[in-house]
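Each chain, letter by letter, is given below.
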Amino acid sequence: MLERRENIIVEKSEQFADRIVKMHKYLSSKRAGNSDMLKQIVRSGTSIGANVSESKFAQSEADFLTKMTISLKEANETKFWIKRLYAGGYLTEKEFDSIIKDNEEIISILVKITETMKRKLRK
């Protein structure tokens, strides 16, 4: 029997949430960064995956679109906080480049999903 591959946005958003939590733990242990800023990035960075997960049991296509749109907004907010951490010197260039690449990939996938659903709902 073939193993069913999970949806790519589910996989990537869960992996990203794990990465955000590890980053928070690392920066907190070094007492690096503003604790309020770190709390914000954990909230937005894990909310992406939480809303993607909720979308699996959406009550309608419109509800699915709403969950994906919220995920997209949270991904964009997370991008803001990642940039602030880098600008503040809390992330090295290598760390920044790596995590922002993952973030932008998630944003790109979510933009495609939401655009496709909007077209589908207009028909």
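Residues numbered from 1 in each chain as written. Predicted model: local features only at pLDDT ≥ 70, side-chain atom pairs only at ≥ 80, totals over all residues. Heavy atoms only, no water.

Even after reading the chapter, I still don't get the environment of Arg-119, so can you show me in this structure?
Structurally, Arg-119 is set in helix 4 (residues 93-122). Taking the C-alpha atoms as reference points, Arg-119 and Gly-49, 70 residues apart in sequence, are found 23 Å from one another. (Helix = DSSP H or I, 4+ residues; strand = E, 2+ residues; numbered from the N terminus.)

Would you explain the packing of aromatic side chains in this entry?
If you walk through the whole model with that rule in mind, you get two aromatic pairs. Here Tyr-86 and Phe-96 contribute two aromatic rings whose centre-to-centre distance is 4.3 Å and whose plane-to-plane angle is 20°, an arrangement assigned as stacked. Remark: Phe-96 occurs in helix 4 and Tyr-86 occurs in helix 3 (residues 61-87); sequence separation between them is 10 residues. Its relative accessible area of 31% is what places Tyr-86 among the partly exposed residues. For Phe-96, a relative accessible area of 14% gives the class buried. (Phe/Tyr/Trp six-rings, centres within 6.5 Å; stacked < 30°, edge-to-face > 60°. Buried < 20%, exposed > 50% of the residue type's maximum accessible area, 1.4 Å probe, protein only.)

What exactly am I supposed to notice about the packing of helix 1 (residues 8-29) against helix 4 here?
Packed helix pairs are specified by the crossing angle of their axes together with the interaxial distance, meaning the distance between the axes. Running from N to C, helix 1 and helix 4 point in directions that differ by 150°, and their axes come no closer than 11 Å. Between helix 1 and helix 4, the angle is such that the two are roughly antiparallel. Relative to helix 4, helix 1 is oriented so that their crossing is left-handed. Here Ile-9, Lys-12, Ser-13, Phe-16, Arg-19, Ile-20, Met-23 and Tyr-26 of helix 1 come into contact with helix 4, specifically with Glu-95, Ser-98, Ile-99, Asp-102, Asn-103, Glu-105, Ile-106, Ile-109, Leu-110 and Ile-113. (Axes fitted to C-alpha atoms, helices over the stretch in contact; angles between N-to-C directions. Parallel < 35°, antiparallel > 145°, perpendicular 65-115°, else oblique. Left-handed = near helix turned anticlockwise from the far one by under 90°. Contact = heavy atoms within 4.5 Å.)

Would you mind showing me how to read helix 4 here?
Since there are 3.6 residues in each turn of an α-helix, residues three or four apart along the chain are aligned in direction. In a regular helix each residue adds 1.5 Å, so 30 residues correspond to 44 Å; helix 4 covers 43 Å between its end C-alpha atoms and thus fits that length. Among the residues of helix 4, Phe-96, Ile-99, Ile-100, Asn-103, Ile-106, Ile-107, Ile-109, Leu-110, Thr-114 and Met-117 are the ones counted as buried. Looking at the buried residues of helix 4, the elements they touch are helix 1, helix 2 (35-55) and helix 3. (Expected span 1.5 Å × (residues − 1).)

Can you walk me through a positive patch on the surface in this structure?
A cluster of like positive charges, contributed by Lys-118, Arg-119, Arg-122 and Lys-123, occupies part of the molecular surface. Counting through the fold element by element, Lys-118 comes out in helix 4. The exposure class assigned to Lys-118 is partly exposed, which follows from its relative accessible area of 43%. (Patch = residues over 30% accessible without salt bridge, like charges linked within 9 Å, V, L, I, M, F, W, Y side chains within 5 Å. Areas by Shrake-Rupley, 256 points an atom, 1.4 Å probe, with all protein chains shown as cover. Salt bridge = Lys/Arg side-chain N within 4 Å of Asp/Glu carboxyl O. Lys, Arg positive; Asp, Glu negative; His and termini not counted. Charge placed at Lys NZ, Arg CZ, Asp CG, Glu CD.)

What am I meant to see in the nonpolar core here?
The nonpolar side chains of soluble globular proteins are, as a tendency, buried together. Membership of the largest hydrophobic core comes to 25 residues, with the highest contact counts inside it found for Met-23, Ile-82, Leu-85, Leu-91 and Leu-110. Considering each element in turn, this core owes the most residues, seven residues, to helix 4. Among all residues touching Ile-82, those that are not within four sequence positions of it are Phe-16, Ile-41, Leu-91, Phe-96, Ile-99, Ile-100 and Asn-103. (Core = buried A, V, L, I, M, F, W, Y, C linked by side-chain atoms within 4.5 Å.)

How should I be thinking about the side chain of Asn-51 in this particular structure?
Counting through the fold element by element, Asn-51 comes out in helix 2. Not counting residues up to four positions away in its chain, the partners in contact with Asn-51 are Lys-67, Ile-70 and Ser-71.

In this structure, what is going on with the packing of helix 2 against helix 3? I would like to understand it.
Close contact between helix 2 and helix 3 brings their axes to 8 Å; oriented N to C, the two are set at 155°. Regarding the angle of helix 2 to helix 3, the classification is roughly antiparallel. Both helix 2 and helix 3 take part in a crossing whose hand is left-handed. Split into classes, the residues belonging to the contact of helix 2 with helix 3 amount to 12 nonpolar, eight polar and five charged. (Nonpolar A, V, L, I, M, F, W, Y, C, P; charged D, E, K, R; others polar.)

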